[in-house]
Amino acid sequence: MNLRKLRSWIAPITVASLAGTLFIGAPIANGATGSACTLRTPTTSASCDLITVALVNKVVTLDPTSSVRTTNQNYITKFLVQGALYRVAADGTPKPDLVASDSMSADGLTWTLKLKTGLKYSDGVTPVTADDAVFMWELLKNAPPPVFSAVKDMTAPDNSTVVITLKTRFDELPYALSSIYFFINPRSKVVGNDKYWIKPLSAGPYEIKSWTPGDDDFNVIVNPNYWAKPVVKEIKFLAVPDPVTRVIALSQGIIDYAFDMPAAIARGQLKSKALFRGIPVQLQGTFTLDFNLRSMTEGKPWRDVRVRQAMSFAIDRAAMGKVAFFGDVKPSCSITWASSPLGSCARPGGNKQDIAKAKALLADAGYAAGFPINLTVFNRPGWGDAASMIASDWKKIGISATVIPQADAVGSAAQSSGDFQVQFSGATGQIPTLILRTYYGGTGAWTVWAGSKSNDALLNQIDATPTSGKRLLIAQVEKAIWDESAHIPLGQRSVYGATRLPQNVFQNVKGNDTYYVQQTPALK
């Protein structure tokens, strides 16, 4: 069966088998309200009283020190209800938010940030101070996320000045400060208050209206003390874990915006251009297969690099992108996402499937007859289909893969405990080193989970190098990752969203899964 016929066959079958059964569980909520809040309202005159947005799961924490702080629904909501020195704008780049001005020393090792004057938190009383940024750094510095590897220290010489000193030059520092890890909260309110993170004060565009950790609803309203005015007054976030139910809820006007939906089903059910606007987003990230190389897997066939490379050669990346993701995923053999000009593929033959090469490597490693392996995968749109296609490819070389779909919470726990063999997963990063540190940094998430190699010195060198020289250094990292093949890149991550709202009023930022809301004045 050719790819076009297979795609046309999958979509209606999936809708018939899933949508009908899951419709009963569709949540009840209110659609958009406001006289200037329709799909056809011009962006310049749009104004929404209330919108309802689907989340992939329940918000369980806003605590920046929590082990699940980086779970999607926890961090994307945090961006709106906590202050940020820099905030990611619609174009996917960081812009000054609470920062009025910034400057960098001639050697690039010292940054000085000046805060806007008169800033207050959502209580209208507590001032936003430079020490609040220092406090965030103190919460992070004992185990800093990879994105802050270049930061040496952060101080506040006065209430409006933040001074950041670096170990190595890092011109992309605003990307780190606008990431999912760094938010501004008052030291005086947090210390000694275990319940603070249930309803933190906000220096961002919104504040929490109502929320109990673990509830389906997460409701926010405009923060009247924020320096700008969002065009959406209130947002109701609603947990809708099942992706097909998100499509149904959007089609019926129960929700106004949904992200991460099955592309084929969404395109079919939301095809009316008078009612919906489809938003396919290529993320600055990569789908990968990640092998467990920790000591608990000693003696397993995939501990041999030749076996892992054979499994890479056996995969038809182009077919996976076309069928499992309806053509939205661009095949790739680099950890740096495919559309990045700095990306580099070290895999011989590039993206091409090579069954003969795969069989030869397996035979050389002593596994010509193949072996069984468990392939776990999060229950996300297209991910399970992609894993099944990969398992089918591996069967051609004798490897029998059992695909095990898992809820996010189960899969995340397995990553930490090491209770997996190989996992279909992925990561994103606004600049190449942010994603490369995930797979090749000393404290990178997948470096830790997989037990794979790292080289922070090389990654620091990339950060300290002008853009013109970065590609050659990135190629060295990609070569080292291929030589180990603990992490096998598959394609550039893509997600499909759709909306009933005016254009650019509320949607995902370019290349990322975080949200922006139009505001006046705009971030710039």
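Treat the numbers as computed from the prediction; the structure is a model and nothing was measured. (Residues numbered from 1 in each chain as written. Predicted model: local features only at pLDDT ≥ 70, side-chain atom pairs only at ≥ 80, totals over all residues. Heavy atoms only, no water.)

1. A look at the overall build of the protein
Definition in use: Helix numbering and strand numbering both begin at the N terminus, where a helix is a DSSP run of H or I of at least 4 residues and a strand a DSSP run of E of at least 2. Computation of the radius of gyration draws on C-alpha atoms, with the globule rule given as 2.2 Å multiplied by the number of residues to the power 0.38. Three exposure classes are used, based on accessible area relative to the maximum for each residue type with a 1.4 Å probe and protein chains only: buried under 20%, partly exposed in between, and exposed over 50%. A contact between two residues is defined here by any heavy atoms of the two lying within 4.5 Å. Exposure was quantified through the Shrake-Rupley algorithm and a 1.4 Å probe, taking into account, for residues, occlusion by the shown protein chains and nothing else. In this tally Asp and Glu are treated as negative and Lys and Arg as positive; neither His nor the chain ends contributes. Where a charge sits is defined by one atom per residue type, namely NZ (Lys), CZ (Arg), CG (Asp) or CD (Glu).
Assigned secondary structure in the protein consists of 16 helices and 20 strands. A globule of 524 residues ought to have a C-alpha radius of gyration of about 24 Å, and the protein, at 23 Å, matches this closely. Taken over the C-alpha atoms alone, the protein extends approximately 70 × 55 × 40 Å along its principal axes. Here the protein holds 524 residues, and the buried ones make up 57% of them. The contacts of the protein with a sequence gap of at least 6 include a subset with a gap of at least 24, amounting to 69%. A total accessible area of about 20,500 Å² is found for the protein, and carbon and sulfur atoms account for 54% of it. Each charge class in the protein was averaged separately, 53 positive and 40 negative side chains, and the resulting centres sit 6 Å apart.

2. Quick look at the sheet that holds strand S6 (residues 151-158)
Stated formally: Being paired, for any two strands, means DSSP has found at least two bridges between them. To obtain each axis, a line is fitted to C-alpha atoms, and for helices this fit is confined to the stretch in contact; angles are then taken between N-to-C directions over 0 to 180 degrees.
Across the sheet, 4 strands lie side by side as S4-S5-S7-S6; this open sheet has antiparallel pairing. Looking at which strands have only one partner, the edges of the open sheet turn out to be strand S4 (99-104) and S6. Strand-to-strand twist across the sheet, computed as the mean angle between neighbouring axes with direction ignored, equals 20 degrees. Where S4 and strand S5 (residues 110-115) come together, 5 bridges link them in antiparallel fashion. Along S5, the bridge assignment pairs Ser-101 with Lys-114. Contacting S5, S6 and strand S7 (161-166), helix H3 (residues 130-140) runs over the sheet at an angle of about 155 degrees to S6.

3. A look at the pattern of salt bridges
Put simply, the test is: Salt bridges are defined as contacts in which a side-chain nitrogen from Lys or Arg sits within 4 Å of a carboxyl oxygen from Asp or Glu.
For the structure shown, the criterion picks out 19 salt bridges. The residue Lys-470 makes a salt bridge to Glu-172 at a minimum N-O spacing of 3.8 Å. Of this pair, Lys-470 sits in helix H16 (residues 467-484) while Glu-172 sits in the loop between S7 and helix H4 (173-177), and the two are 298 residues apart along the sequence. A residue is classified by how much of its surface remains accessible, and Lys-470, at 6% relative accessible area, is buried. In this structure Glu-172 comes out as buried when scored by relative accessible area, which is 15%. Note that Lys-396 is salt-bridged to Asp-393, the shortest N-O span being 3.4 Å.

4. Here we look at the confidence of the model for the protein
As a reminder, the rule being used: The quantity called pLDDT is the predictor's confidence in a given residue, expressed from 0 to 100.
Across the protein, pLDDT averages 91, with 94% of residues at or above 70. Per-residue pLDDT stays below 50 along residues 1-29; that stretch engages in 35 contacts with residues further than four places along the chain or on separate chains.

5. Some points on helix H12 (residues 408-417)
Given 3.6 residues to a turn, an α-helix orients residues that are three or four positions apart in the same direction. Rule in force here: Our arc is simply the arc of the directions from the helix axis toward the C-beta atoms.
Within the span of H12, buried status applies to Asp-408, Gly-411, Ala-414 and Gln-415. The buried side chains of H12 occupy one side of the element, clustering within an arc of 130 degrees when seen end-on. Turning to H12, the residues buried within the fold contact strand S14 (372-378), strand S15 (400-406), strand S16 (422-428) and helix H14 (445-450).

6. So, the packing of helix H15 (residues 456-464) against H16
Here is the rule: An angle below 35 degrees is read as roughly parallel, one above 145 as roughly antiparallel, one from 65 to 115 as roughly perpendicular, and any other as oblique. Here a crossing is taken to be left-handed if its near helix is turned anticlockwise relative to the far helix by less than a right angle, and right-handed if that turn runs clockwise. Lys, Arg, Asp and Glu make up the charged group, whereas Ala, Val, Leu, Ile, Met, Phe, Trp, Tyr, Cys and Pro make up the nonpolar group; the residues left over, Gly among them, are polar.
Contact pair H15 / H16: the axes reach a minimum separation of 9 Å and the direction vectors enclose 165 degrees. Overall, the two elements H15 and H16 adopt an arrangement that is roughly antiparallel. Viewed along their axes, H15 and H16 form a crossing whose handedness is left-handed. Only Lys-470, Leu-473, Ile-474, Gln-476 and Val-477 of H16 make contact with H15, whose side of the interface consists of Leu-458, Leu-459, Gln-461, Ile-462 and Asp-463. For the contact of H15 with H16, the class distribution of residues is 6 nonpolar, 2 polar and 2 charged.

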